[in-house]
Amino acid sequence: MARISFLFLLFSIAIYSCKKDNGVNEIRSDFVDTLEGTISTDLTLQENANYLLKGQVYVQGASLTIPKGVTIHVEKADAVADKGSLIVLPGAKLFVNGTEQEPVVFTSAASEKLPGDWGALVLLGRAPINSQTLRIPGISNELAVCGGSDKNDDSGAIHFLRLAYGGGLNEKGEDEWALDKASGLCLGAVGSKTQIDHIEVSYSRDDAFQFYGGNVGAKYLIAYNNGDDDYDFDHGYQGSLQFILSYRNRVGDWALRANGIESLNDGAASTKTPYTHPVISNATIIGLGNQAIQTNLNQAVYIRKNTRFTISNSIVANYPQGGLMLCNKTRPLLMQVHESLFKFNLVHCEENTRAFTWDKNGQEVSLEKVVADPELTAFATNQDNENEVIQTVSALKLSAIFPSSGMPLLTPLSDSPALFGADFSGSYAADFFDSVSFRGAIGTENWTVAHWVNWD
């Protein structure tokens, strides 16, 4: 890590008071320090301070503590190899100690910020992964290999964090059958002792949250206007999530097909174990519908490539191609052998027959192969599963899903079907989950209007 000297600060003030950075990187006079290279001894940053992060920065064999109110400005770079990321290697720890009033923020240092200005925040651990070990694509350090046998691995704790304008490592229209490069908050083989809560990822050019193996749990996550999948599960992830939100009121053109949730076992749809099996309760997945406008938005929930899944007490709505889509590998896991569960959810699509769909040729990117699935619909809405098909997005009766101005208000109204109907009686309802009566991420108390959340 390179320290900025007092003389250099004076020099910076003198030079940049009369010359701007041509709109690329915002050169400030109040950066306390520059983070670059490798952090190999314990380091605690200064509370309520601004830092500049340059290139791929690694935490190796040490702990990095980021106190409340810190903003990390990541240097913008056009070349993928030069884009900044913070990578916490296995055995190292990251402590993000933001608060509701004073969150920690990672954002672009550019004066005109754009999705893809920087890379990702990457946390790597030694928990199980179905490829035994994995090197996350897009990370250049040969030591950035995650995976092991310690389900209780501890990579630290992240509380009250915002990440904005990252996702710059993936190419435009990238082959979606390959493992995505690191994007947003990328968690590779992170173990259950790691604490993850109250995190917003916005305007990532690619994914928002990536879970590659491991079994870390997380609560209170927000994905806002990202370019590709908001919650991406792969390589044997087996953790639990509750109170997670995916929301879009605009779309991009970077990704091939963007989903609210996407899950796969691996690229080959193999039988490698542990099987990918996210366990999710109280999710709200809201897309920008309108089939008349061709966008890259796809499914609210896309379950493919031999993954198992549990989704309950949730809302999935307003994606143009469907609510829940299964493929030839995952359809029988839900409907026949019951290794997956989809129960007590509210499901909507503009075209009601497509609330549940079937990707009959999952290897071919063709929406003509994605068909409405009446058999799956009947199964999902039977008395055992109790999912409900919602005819119009307004019938969800949330306060203001798409306001003309200001933040969305997703609090259920008094007659909303989301205000009741949650069920935690199944064997999937582990001690991790808070038992609540409402479906979706938000009940009568709207935690997304807090100061730590940015809806701009």
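One structure accompanies this document, and this report is about it. Per chain, residue numbering runs from 1 following the sequence as it is written. Totals for whole chains, interfaces and linings use all residues, but because this is a predicted model, local features are given only for residues with pLDDT of at least 70 and pairs of side-chain atoms are given and counted only at 80 or more. To get the side-chain values, take all heavy atoms of the structure and skip hydrogens and water.

Structural notes on the overall build of the protein chain
Now for step 1: Secondary structure elements follow DSSP: runs of H or I of four or more residues count as helices, runs of E of two or more count as strands, with numbering from the N terminus. Counting secondary structure elements, the protein chain contains three helices and 33 strands.
Now for step 2: Categorising residues by exposure relies on relative accessible area from a 1.4 Å probe, with only protein chains included: less than 20% of the type maximum marks a residue as buried, more than 50% marks it as exposed, and the intermediate range marks it as partly exposed. Out of the 456 residues in the protein chain, the part that is buried amounts to 60%.
Now for step 3: Within the protein chain, contacts between residues separated by at least 24 positions form 68% of all contacts whose residues are at least 6 apart in sequence. Contacts were defined at the residue level, with two residues in contact if any of their heavy atoms lie within 4.5 Å.

Observations regarding the sheet that holds strand S15 (residues 184-188)
Now for step 1: An order of S2-S5-S8-S11-S15-S17-S19-S21-S23-S26-S29-S30 is seen for the twelve strands of this open sheet, with the pairing classed as mixed. The open sheet terminates on both sides in strands that have one partner only, identified here as strand S2 (38-39) and strand S30 (370-372). When DSSP locates at least two bridges between a pair of strands, those strands are taken to pair.

Things to note about the pattern of salt bridges
Now for step 1: Salt bridge, as used here: a side-chain nitrogen of Lys or Arg that lies within 4 Å of a carboxyl oxygen of Asp or Glu. According to the stated counting rule, one finds twelve salt bridges in the structure shown.
Now for step 2: Where Glu 262 meets Arg 304, a salt bridge forms, and the shortest distance between an N and an O atom there is 2.4 Å. Residue Glu 262 is found in strand S21 (residues 261-263), and its partner Arg 304 is found in the loop between strand S23 (299-303) and strand S24 (310-312); the two are separated by 42 residues along the sequence.
Now for step 3: Here Asp 415 ties to Lys 397 by a salt bridge, and the two come within 3.0 Å at their closest N and O atoms. Taken together, the residues span a long stretch of sequence, with Asp 415 in the segment after strand S33 (409-412) and Lys 397 in the loop between strand S31 (388-390) and strand S32 (398-400) at a distance of 18 residues.
Now for step 4: Judged by relative accessible area, Asp 415 falls into the partly exposed class, the value being 46%.
Now for step 5: Connected through shared salt-bridge partners, Lys 76, Asp 78 and Asp 117 make up one network.

Let's talk about the side chain of Thr 65
Now for step 1: With respect to the element layout, Thr 65 can be found in strand S6 (residues 63-66).
Now for step 2: Each residue touching Thr 65, except ones within four places of it in the same chain, is listed here: Leu 43, Thr 44, Leu 45, Phe 95 and Asn 97.

Looking at the environment of Glu 339
Now for step 1: Tracing the chain through its elements places Glu 339 in the loop between helix H2 (331-335) and strand S27 (341-343).
Now for step 2: For Glu 339, a relative accessible area of 37% gives the class partly exposed.
Now for step 3: Along the sequence, Glu 339 and Arg 308 sit 31 residues apart, while their C-alpha atoms lie 6.4 Å from each other.
Now for step 4: Those residues in contact with Glu 339 that lie beyond four places of it in its chain are His 277, Arg 308 and Leu 333.

Here we look at the pairing of strand S28 (residues 346-349)
Now for step 1: Along S28, one buried face is formed by Leu 346 and His 348 and the opposite face, lined by Val 347 and Cys 349, is buried too.
Now for step 2: Sheet analysis places S28 next to S31, joined by three bridges and oriented parallel. In the sheet register, Val 347 faces S31, and the bridge partner there is Val 389.

Quick look at the pairing of strand S4 (residues 50-53)
Now for step 1: Burial of the side chains of S4 extends over both faces: Asn 50 and Leu 52 are buried on one face and Tyr 51 and Leu 53 on the other.
Now for step 2: Here S4 pairs with strand S7 (residues 71-74) via four bridges, running parallel. Following the sheet pairing, Leu 53 is matched in S7 by Val 74.

Things to note about the nonpolar core
Now for step 1: Within the largest apolar cluster, 100 residues are counted, with the highest numbers of intra-cluster contacts made by Leu 94, Phe 106, Phe 209 and Phe 211.
Now for step 2: Discounting residues that sit within four places of it in the chain, Phe 106 has contacts with Ile 66, Ile 72, Val 74, Leu 86, Trp 118, Leu 161, Arg 162, Leu 163 and Ala 164.
Now for step 3: Residues grouped as a nonpolar core are buried Ala, Val, Leu, Ile, Met, Phe, Trp, Tyr and Cys residues, joined through side-chain atoms within 4.5 Å. Counting 17 residues, the second-largest nonpolar core is a separate cluster that includes Tyr 58, Leu 89, Val 122 and Leu 134.

With respect to the environment of Lys 113
Now for step 1: Relative to the helices and strands, Lys 113 is located in the loop between strand S10 (104-108) and strand S11 (120-124).
Now for step 2: For the pair Lys 113 and Tyr 165, spaced 52 residues apart in the sequence, the C-alpha separation amounts to 6.8 Å.
Now for step 3: Residue contacts for Lys 113: discarding those within four places in its chain leaves Glu 26, Thr 107, Ser 108 and Tyr 165.
Now for step 4: Looking at Lys 113, its side chain comes within polar contact range of the main-chain oxygen of Ser 108, at 2.7 Å.
Now for step 5: In protein, a polar contact means a hydrogen-donor-capable atom and an acceptor-capable atom, both N or O and within 3.5 Å, with residues adjacent in sequence counting only if both atoms are side-chain atoms; elsewhere, any N or O pair within 3.5 Å suffices. One polar contact links the side chain of Lys 113 to the main-chain carbonyl oxygen of Ala 110, over a distance of 3.0 Å.

Notes on the packing of aromatic side chains
Now for step 1: Pairing of aromatic side chains requires ring centres within 6.5 Å, counting the rings of Phe and Tyr and the six-membered ring of Trp. Pairs whose planes differ by under 30 degrees are stacked, by over 60 edge-to-face, and all others tilted. Scanning the entire structure with this criterion turns up 18 aromatic pairs.
Now for step 2: Judged by centre distance (5.8 Å) and plane angle (85 degrees), the rings of Phe 160 and Trp 452 are edge-to-face. Residue Phe 160 is located in strand S14 (residues 156-164), and its partner Trp 452 is located in the segment after S33; the two are separated by 292 residues in the primary sequence. With respect to burial, Phe 160 and Trp 452 carry one shared label: buried.
Now for step 3: Whether a charge lies above a ring is judged from NZ of Lys or CZ of Arg, which has to be within 6 Å of the ring centre and within 35 degrees of the ring normal. Above the face of the Trp 358 ring, Lys 360 is positioned so that its terminal group lies 4.8 Å from the ring centre.

Describing the side chain of Thr 448
Now for step 1: Counting through the fold element by element, Thr 448 comes out in the segment after S33.
Now for step 2: Owing to a relative accessible area of 1%, Thr 448 belongs among the buried residues under this scheme.
Now for step 3: With residues up to four places along the chain from it excluded, the contact list for Thr 448 reads Ile 222, Leu 245, Ile 442, Val 453 and Trp 455.

Observations concerning a nonpolar patch on the surface
Now for step 1: Patches draw on residues past 30% relative accessible area with no salt bridge. Two like charges within 9 Å are joined, as are two nonpolar side chains (Val, Leu, Ile, Met, Phe, Trp, Tyr) within 5 Å. Note that accessible areas follow from Shrake-Rupley with a 1.4 Å probe, and for residues the cover is restricted to the protein chains shown. Together, Met 407, Leu 409 and Val 449 make up a nonpolar patch on the protein surface, roughly 210 Å² of accessible area in all.
Now for step 2: By the element assignment, Val 449 lies in the segment after S33.

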